[in-house]
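Geometric and topological summary
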Amino acid sequence: MNGIPETFFGWVSLIFSEYGDMFIKGMWSTLFIAALGTIFGCVIGFLVGIIQSTPIESGSSLMLKGVIRLTKLMVSIYVEIFRGTPMMVQAMVIYYGSMQVFGWNIIPIYAGVLILSLNTGAYMAESVRGGIVSIDPGQTEGAKAMGMTHVQTMLYVILPQAFRNLIPQIGNGFVSAIKDTSVLNVISVTELYFMGRTACGTYFRYFEVFFIISMIYLILTFISSRLLILLEKKLDGESDYELIAEDEIGAV
Amino acid sequence: MEQNMMKYDETILSVEHLGKSFGKNEVLKDIDFSVRKGEVISIIGASGSGKSTLLRCINMLETPSSGNVLYHGEPVKNTPRDVVAYRSNVGMVFQSFNLFANMKVLKNCMIGVQKVNKKHEAEAKALALKFLKKVGMGAYLNARPHQLSGGQKQRVAIARALAMEPDLLLFDEPTSALDPEMVGEVLEVIKQLANEGLTMVVVTHEMAFARDVSTRVVFMDKGIIEEEGTPDVIFNHPQSERTKAFLNRFMNQ
Ligand SMILES: Nc1ncnc2c1ncn2[C@@H]1O[C@H](COP(=O)(O)OP(=O)(O)O)[C@@H](O)[C@H]1O
Ligand SMILES: [Mg+2]
């Protein structure tokens, strides 16, 4: 220890040397929750979006029509609830609710993943539905006309295109998720923001601590968004195709 | 004429008393129509007369409001399972091509063979290649639909339909969305298929094609079949005043 620092950067370097490890741990938690939450959220979002855009075919049995209607109703209630309440409040309700009502003691970081997934899922669902309906209906007709079922049409024709079109949004969702995990401190998830609060306890240097914390958030979001741009470029693939000579056609 | 009709004795498809309404708009009224093996039928008629709706009802893309579609004498049931099996035998080529944007040309022609007709990849590929070569698109296997011209897209769409080895192929104005210089290449392909004996129903505004290639011409007007017969009858000796009026208007354009 070399005494009490006198400058802003003195404090920053002191705090970082004492709490750096903690901040890095918090950073990994934040990334872990954001990544898993985005992945599971996408899965939920796709499931819900697919359900919401399932047509009720005129020739289907009454039973099937009923099941589809009921499922649609349930998923729209889910979407409404999670879009209509703040994530911080959802965290409290789910975490303390499951403790009080079911006696479950969910490990906070997993509760965090669950809440972020449900939240991301509810937001993604609408985009997925939009992504599905935005694919030119002619392609659906083409698929139907050759005898593909609705499921096959979705699987081979519509969803790959919807997914490709949604990648930028999934990426933005991930960047937002990195920031949004900070609200999970209310259920004591030891993510980056929580670590910041903890680090303030000794010296009460809020400004310096949160300056460091914000720098870490910024680095995370900056790197993620650059990686995303690279990924998108890669996915677009070759813009050219090669003509195949007449005598090679059989050999392709 | 009689002889000509005798040649086609096996009925593949017939529609009986087919009606279709969209809300209060009665688009098809009591249509009776059948297709025999080897026939090349052209459907002509003014825009809005119900030609596309008829094809779409035949393919069950629209559910008929009344009447039946019979395939080899059996009514086609409107349950998802029956419709899917039926459609794999009755191909359709659209005005707007409707190729799958996420697949290369080769895959576009293989996917249905693999997933609907349940054939192995190798067999699907062989079929796709055979028909792509037939339509003159063998060199473009690795192109994506957006990299092709309209005429090329339509030829791929035709190859895709053929690779399913349908009994009957329906064309809904296959050249109407094409630039004039590309109409010829697509008509040429369809003509070749007609000469090889493929059974088809072609909705078209190409009167020369209807006259020279089809074995039967159907003239539709306001949701009914106003007149049908050999190209000679329809184009040279039409009986109906409406047919005459339509052809006059059309020829003078
Ligand atoms: N999905 C639909 N909903 C409502 N009306 C339709 C629909 N499809 C076609 N129609 C109407 O049916 C009539 C016939 O259309 P269509 O079969 O496309 O004629 P054509 O192909 O001969 O030009 C038109 O008046 C059209 O507006
Ligand atoms: Mg039409």
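Residues numbered from 1 in each chain as written. Chains lettered and ligands numbered in written order. Predicted model: local features only at pLDDT ≥ 70, side-chain atom pairs only at ≥ 80, totals over all residues. Heavy atoms only, no water.

Some details on the interface of chain A and chain B
Let me state the cut-off plainly: Contacts were defined at the residue level, with two residues in contact if any of their heavy atoms lie within 4.5 Å. When two parts are put together, the accessible area they lose, computed with a 1.4 Å probe and summed over both, is reported as buried area. Put simply, a salt bridge is a Lys or Arg side-chain nitrogen that is within 4 Å of an Asp or Glu carboxyl oxygen.
Contacts between the two partners involve 31 residues from chain A, matched on the other side by 38 residues from chain B. Counting each side, the surface lost to burial between chain A and chain B is near 2,800 Å², with a carbon and sulfur contribution of 60%. Our count for the contact surface shared by chain A and chain B stands at 1 salt bridge. In this structure, the salt-bridge partner of A:E141 is B:R56, at a minimum N-O distance of 2.5 Å.

Some points on the layout of surface pockets
Put simply, the rule is: Here a cavity denotes grid points, spaced 1 Å and computed from the protein atoms alone, that fit a 1.4 Å probe unable to get out, and a pocket denotes an open set having protein on both sides within 12 Å along at least 5 of 7 lines; residues with an atom within 4 Å of a point are the lining. Grid points are joined across faces, edges and corners, and a volume is the space filled by probe spheres set on the points. Strands are runs of DSSP state E lasting at least two residues, helices are runs of H or I lasting at least four, and both sets are numbered from the N terminus onward. Here the term charged refers only to Asp, Glu, Lys and Arg, the term nonpolar to Ala, Val, Leu, Ile, Met, Phe, Trp, Tyr, Cys and Pro, and the term polar to all other amino acids, Gly among them.
Computed from the structure, the largest pocket encloses a volume of approximately 730 Å³. Along the walls of the largest pocket sit 31 residues, with A:P55, A:E57, A:K144, A:T149 and A:H150 positioned nearest its centre. Listed by contribution, the elements that provide at least two residues to the lining of the largest pocket are α2 (62-84), α4 (108-134), α5 (137-145) and α6 (150-180) of chain A together with α3 (80-87) of chain B. Here the lining of the largest pocket is composed, by residue class, of 16 nonpolar, 12 polar and 3 charged.

Overview of helix α3 (residues 87-102) of chain A
All names here are of chain A. As a reminder of what qualifies: An expected span of 1.5 Å times one less than the residue number is assigned to each helix. Exposed residues in this analysis have more than 50% of their type's maximum accessible area, buried residues have under 20%, and partly exposed residues fall in between, with area computed by a 1.4 Å probe over protein chains only.
With 16 residues, α3 extends 21 Å from end C-alpha to end C-alpha; this agrees with the ideal 22 Å at 1.5 Å per step. All of the buried residues along α3 are M87, Q90, A91, I94, Y95 and S98. Each element contacted by the buried residues of α3 is listed here: α2, α4 and α6. G103 occupies a position one or two residues after α3 and carries a positive phi of about 70°.

Regarding the sheet that holds strand β7 (residues 168-172) of chain B
All names here are of chain B. Going by this rule: Only when DSSP finds a minimum of two bridges between them are two strands counted as paired. Simply put, an axis is a line fit to the C-alpha atoms, just over the touching stretch for a helix, and the angle between two N-to-C directions goes from 0 to 180 degrees.
The 6 strands lie next to each other as β6-β7-β8-β3-β9-β10, forming an open sheet whose pairing is mixed. A single partner strand is all that each edge strand has here, and the edge strands are β6 (90-93) and β10 (224-229). Each strand of the sheet is rotated relative to its neighbour by a mean of 20°, with strand direction disregarded. Relative to strand β8 (residues 200-203), β7 runs parallel, the two being bridged by 4 bridges. The residue bridging D172 from the neighbouring strand is V203, located in β8. Packing of helix α10 (residues 241-252) onto the sheet brings it into contact with β3 (40-45), β9 (216-221) and β10, and relative to β9 it is tilted by some 95°.

Looking at the side chain of B:R160
The cut-off we apply is this: Asp and Glu count as negative and Lys and Arg as positive, but His and the ends of the chain are not part of the count.
Tracing the backbone through its elements, the reader meets B:R160 in helix α6 (residues 150-163). Nearest to the buried, unbridged B:R160 among oppositely charged side chains is A:D136, at 9.3 Å. If we skip the residues at most four places from it in the chain, B:R160 touches A:G142, A:M146, B:F97, B:N98, B:L99, B:F100, B:N108 and B:C109.

Focus on the UniProt feature "domain: ABC transmembrane type-1" (unreviewed entry) in chain A
Counted only if it meets this: UniProt positions are given in the numbering used here, feature names are shortened, and annotations may be inferred rather than shown by experiment.
UniProt feature "domain: ABC transmembrane type-1" (unreviewed entry): in the numbering of this structure it lies at residues 27-228 of chain A. A helix fraction of 83% and a strand fraction of 0% characterise residues 27-228 of chain A, whose end C-alpha atoms lie 19 Å from each other.

Comments concerning the site of ligand 1
All names here are of chain B. Note the cut-off: When we say a residue is near a molecule or strand, we mean one of its heavy atoms is within 4 Å of it. Any pair of nitrogen or oxygen atoms within 3.5 Å is treated as a polar contact; in protein, a donor-acceptor pairing is required on top of that, and neighbouring residues in sequence qualify only through side-chain atoms on both sides. Computed with the Shrake-Rupley method and a 1.4 Å probe, the accessible areas treat only the protein chains shown as cover for residues.
As a structural note, the neighbourhood of ligand 1 is formed by F22, N25, V27, A46, S47, G48, S49, G50, K51, S52 and T53. In this structure, an oxygen atom belonging to ligand 1 sits 2.8 Å away from a side-chain N or O atom of K51. Here an oxygen atom of ligand 1 sits 2.7 Å away from a polar atom, N or O, in the side chain of S52. Relative to its unbound accessible surface of 560 Å², ligand 1 loses 59% to contact with the protein. Of all elements in the fold, only β2 (25-36) and α2 (51-58) reach the threshold of two or more residues within the shell around ligand 1. When residues in the shell around ligand 1 are grouped by element, the largest group, 3 residues, is from α2.

Focus: the nonpolar core
Quick note on the threshold: Side-chain atoms within 4.5 Å are what join buried Ala, Val, Leu, Ile, Met, Phe, Trp, Tyr and Cys residues into a set we call a nonpolar core.
Ranked by internal contacts, the top residues of the largest apolar core, which has 67 residues, are B:L132, B:I158 and B:M200. Not counting chain neighbours up to four residues away, the residues in contact with B:L132 comprise B:V105, B:L106, B:C109, B:M137, B:G138, B:L141, B:V156 and B:A159. By size, the runner-up hydrophobic cluster in this structure holds 42 residues, among which are A:V12, A:Y95, A:V113 and A:A122.

Overview of the confidence of the model for chain B
The predicted structure's coordinates, where accompanied by low pLDDT, should not be read in detail. Note the following rule: The quantity called pLDDT is the predictor's confidence in a given residue, expressed from 0 to 100.
Of all residues in chain B, 97% have pLDDT values of 70 or greater, and the mean over the chain is 93. Reported for the predicted complex are a pTM of 0.86 and an ipTM of 0.91.

A closer look at empty space enclosed by the protein
Counting across every chain of the model gives 3 cavities of 30 Å³ or more. Each pocket or cavity is described by its volume, and for the largest cavity that value is around 100 Å³. For the lining of the largest cavity, the elements supplying multiple residues, two or more each, are α5 of chain A together with β6 and α6 of chain B. Taken together, the residues of the lining of the largest cavity break down into 8 nonpolar, 3 polar and 2 charged.

Re the packing of aromatic side chains
Spelled out, the test is: Each Phe, Tyr or Trp ring, with Trp reduced to its six-membered ring, pairs with another whose centre is within 6.5 Å; inter-plane angles below 30 degrees give stacked pairs, above 60 give edge-to-face pairs, and intermediate values give tilted ones. Should the NZ of a Lys or the CZ of an Arg lie within 6 Å of a ring centre and within 35 degrees of the ring normal, that charge is described as sitting over the ring.
Tallied over the entire structure, the rule returns 13 aromatic pairs over all chains. On the basis of an interplanar angle of 40° and a centroid distance of 5.5 Å, the ring pair of A:Y193 and A:F210 is categorised as tilted. Here the residue A:Y193 occupies a position in helix α7 (residues 192-203), and A:F210 occupies one in helix α8 (residues 206-236), the gap between them amounting to 17 residues. Among the aromatic residues, those joined into a ring-pair cluster are A:F8, A:F9, A:F207 and A:F211. When the ring centre of B:F100 is taken as reference, the NZ or CZ atom of B:R160 above it lies at 4.5 Å.

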